Amino acid sequence: MTSYQKEIIFSKARFTITEASTKSGKTYSHIVWLFMKAHEKGIDHDGRNYWWCAPIYNQAKIAFDRFRKYLSPSGIYRFNETHLVIYCPNGARIYFKSAEKPDNLYGEDVFAAVFDEAPRAKEATWHALRTTLTATEASCKLIGNFGGQSNWVHLLKEKASSDDTYEYFRITCWEAIKEGIISEKEVQQAKRDLPEKTFKALYEAEASEDEGQLISYTAIKKMFEERELKFERRYITADIARFGKDSTVIMVWSGFTVIYVKSLQSSSIDQCVEAIRSIQRLHDVDVKDVIVDEDGVGAGVKDYLKCKGFVNGSKAVRIKGKEENFANLKTQCYFKLAEMINDGLIHVRCSPEVEKSLSQELEWVRLPKEIDTSKITILSKERIKEYLGRSPDYSDALMMRMWFILRPNFGIYAVR
């Protein structure tokens, strides 16, 4: 065992968060730790559950196969490959769970857990897993590669600075080389073979934007810094919930500064209309400066308010009479939003909870892996929902402000 593996295994913190280089031995060390927890002396382990969780079934099975490889020669362990369970001779049971459906993780008491590749899983999975550890007051270790500045695992490490219950570890490829886990020759070759951003994230556990990411981490962070507020023309943008778990998000703007954010859960058309009208009156916003997402339920809200409607899949707006090669209006607006945020022109005043959600969503404004330059699009809402476990409602409300910039026939005119 390396010195850093021992530090993680024998940490006195109940929860450890480890962002580590690929092939640095993080999986092996945590296999050892979970095995140790299932065989602690002086404890009656009969019927106790110990979990290894991974984002998908195939990843959980990889860990199961590695456990089996180590334990099979003893001849005293039983393996259920169908349900990925190891039955220990002391009565303990080690389960290998998929995190694809967080609701399936509630219910059982768990006496120790490893959350493998946690940055690639939904935050809701951690909430479910954390709940199963409540009755037993058990420990959990979260591991993975660097998953992004606003990734929930990366943000969780902040607790380690003020809460002794948590401890954070960052293991780079250079430490692994020093400990003899991987060769420097292999790492240097990987550095030459891979894009710089990919190498930094996977081998140095360091902040680096995804290749297709449109908005930089630095720009996202600066967007929430304190600035002098100037009174400018007011606008309202509203992303109307279409499904049960989506939220309706209403934003009030003063120029390019968001000065107020309201979120509504499970709201009807009447509730949305009343909320927007109330906010209109409070902030003195003209109806011509109000825009709502009119896909689905939003169409009814737009009709009642008689305001502007935003159709995500509609054609991109012509700029100076020329068509732009965006697949739809939504993509065009997100590209404009990315440009303005990167240039430091957008400012948001909001609660810490909204800042966290909006930061995560903006980090996922990305190009898909396969790019059609004749019809540019961004990562779909469905794909983002898979990763975040929720709809990107805040960023969609932010994006709609760009409509007022891109529309060539919108504005104040004097006719003589």
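What you are looking at is a predicted structure, and each value in this text was computed from that prediction instead of being measured.

## What about the overall build of the protein?
Helix and strand content of the protein: 16 helices and 14 strands. With the principal axes as the frame, the protein shows a C-alpha extent of 95 × 50 × 40 Å. The buried share of the protein, reckoned over its 416 residues, is 50%. By sequence separation, contacts in the protein at least 24 residues apart represent 66% of the contacts at least 6 residues apart. Carbon and sulfur atoms form 49% of the exposed surface of the protein, whose accessible area is close to 20800 Å². Charge centroids of the protein, computed over 62 positive and 59 negative side chains, lie 2 Å from each other.

## Some remarks on the pairing of strand β12 (residues 290-293)
One face of the sheet, then the other: side chains in a regular strand alternate in exactly this way. Both faces of β12 are covered, namely the face carrying Val 290 and Val 292 and the face carrying Ile 291 and Asp 293. In terms of strand pairing, β12 meets strand β13 (residues 308-310) through 3 bridges, oriented parallel. In the strand pairing of β13, Ile 291 is matched with Lys 308. The β-α-β motif built from β12, the intervening helix α11 (residues 298-305) and the parallel element β13 has right-handed crossover chirality.

## Quick word on the packing of helix α2 (residues 26-37) against helix α3 (residues 57-71)
Relative to each other, α2 and α3 sit at 65°, their axes nearing to 11 Å. Accordingly, the angle class assigned to the pair α2 and α3 is roughly perpendicular. Considering only the axes of α2 and α3, their crossing is right-handed. Counting all contacts with α2, which are made through Thr 27, Tyr 28, Ile 31, Leu 34 and Phe 35, the residues of α3 involved are Arg 66, Phe 67, Tyr 70 and Leu 71.

## Things to note about the packing of helix α10 (residues 269-283) against α11
Running from amino to carboxyl end, α10 crosses α11 at an angle of 45°, the nearest separation of the two axes being 9 Å. As far as their axial angle goes, α11 and α10 are oblique. Once α10 is placed against α11, the crossing between them reads as right-handed. Two secondary-structure elements touch here, α10 through Ile 269, Cys 272, Val 273, Ile 276, Arg 277 and Gln 280 and α11 through Gly 300, Val 301, Tyr 304 and Leu 305.

## A look at the environment of Glu 81
Relative to the assigned elements, Glu 81 resides in the loop between β3 (78-80) and β4 (85-87). Judged by its relative accessible area of 38%, Glu 81 is partly exposed. The spatial distance from the C-alpha of Glu 81 to the C-alpha of Asp 109 is 22 Å, given a sequence separation of 28 residues. Leave out the neighbours within four places in its chain, and Glu 81 touches Tyr 57, Lys 61, Phe 64 and Arg 68. Of note is the side chain of Glu 81, whose polar atom sits 3.3 Å from the side chain of Lys 61.

## Structural notes on the pairing of strand β6 (residues 112-115)
The alternating pattern of β6 places Ala 112 and Val 114 on one face and Ala 113 and Phe 115 on the opposite face, and all of these are buried. By the bridge criterion, 3 bridges tie strand β2 (residues 49-54) to β6 in an arrangement that is parallel. Across the sheet, the residue bridging to Trp 52 is Val 114, located in β6. Each parallel crossover has a hand, and the one from β6 via helix α4 (residues 123-132) to strand β7 (residues 139-144) is right-handed.

## Thoughts on the side chain of Thr 257
Along the chain, the position of Thr 257 falls in strand β11 (residues 257-265). Relative accessible area serves as the criterion here: at 12%, Thr 257 is assigned to the buried category. Look past the residues within four positions of Thr 257 in its chain and what remains in contact with it is Leu 229, Val 252 and His 347.

## What to know about the sheet that holds strand β5 (residues 93-98)
The strand order across the open sheet formed by 8 strands is β3-β4-β5-β2-β6-β7-β1-β8, and the pairing between neighbours is mixed. The sheet is open, and its two edges are formed by β3 and β8 (166-171), each paired on a single side. Averaged over neighbouring strand pairs, the angle between their axes works out to 15° when direction is ignored. Sheet topology note: the β2/β5 ladder contains 6 bridges and is parallel. Looking across to β5, one finds that Tyr 50 is bridged to Ile 94. Across the face of the sheet, α4 comes into contact with β1 (15-20), β2, β6, β7 and β8 while running at roughly 170° to β6.

## Observations concerning the pattern of salt bridges
Side chains bearing opposite charge may pair, as long as their charged atoms lie close to each other. Inspection of the entire model under this criterion finds 18 salt bridges. Several salt bridges converge on common partners, so that one network encompasses Lys 61, Asp 65, Arg 68 and Glu 81.

## Quick look at the sheet that holds β13
Judged by pairing direction, the sheet is mixed, and its 6 strands sit side by side in the order β13-β12-β9-β10-β11-β14 without closing on themselves. Edge strands, defined here as strands with exactly one partner in the open sheet, are β13 and β14 (347-348).

## A word on the nonpolar core
In this structure, Ile 215, Met 223, Leu 337, Ile 341, Ile 346, Leu 362 and Leu 398 are the most contacted members of the largest nonpolar core, which totals 37 residues. Listing elements by their share of this core, those giving two or more residues are α9 (217-222), β10 (247-254), α12 (329-342), α13 (352-363), α15 (393-399) and α16 (403-406). It is α12 that contributes the most residues to this core, 7 residues altogether. Leave out the neighbours within four places in its chain, and Met 223 touches Ile 341, Ile 346, His 347, Val 348, Leu 358, Leu 362 and Leu 398.

Cut-offs and rules
Residues numbered from 1 in each chain as written. Predicted model: local features only at pLDDT ≥ 70, side-chain atom pairs only at ≥ 80, totals over all residues. Heavy atoms only, no water. Helix = DSSP H or I, 4+ residues; strand = E, 2+ residues; numbered from the N terminus. Buried < 20%, exposed > 50% of the residue type's maximum accessible area, 1.4 Å probe, protein only. Contact = heavy atoms within 4.5 Å. Areas by Shrake-Rupley, 256 points an atom, 1.4 Å probe, with all protein chains shown as cover. Lys, Arg positive; Asp, Glu negative; His and termini not counted. Charge placed at Lys NZ, Arg CZ, Asp CG, Glu CD. Pairing = 2+ DSSP bridges. Right-handed = clockwise from strand over helix to strand, strands pointing away. Axes fitted to C-alpha atoms, helices over the stretch in contact; angles between N-to-C directions. Parallel < 35°, antiparallel > 145°, perpendicular 65-115°, else oblique. Left-handed = near helix turned anticlockwise from the far one by under 90°. Polar contact = N/O pair within 3.5 Å; in protein donor to acceptor, adjacent residues only side chain to side chain. Salt bridge = Lys/Arg side-chain N within 4 Å of Asp/Glu carboxyl O. Core = buried A, V, L, I, M, F, W, Y, C linked by side-chain atoms within 4.5 Å.

In short, geometric facts, not functional conclusions.
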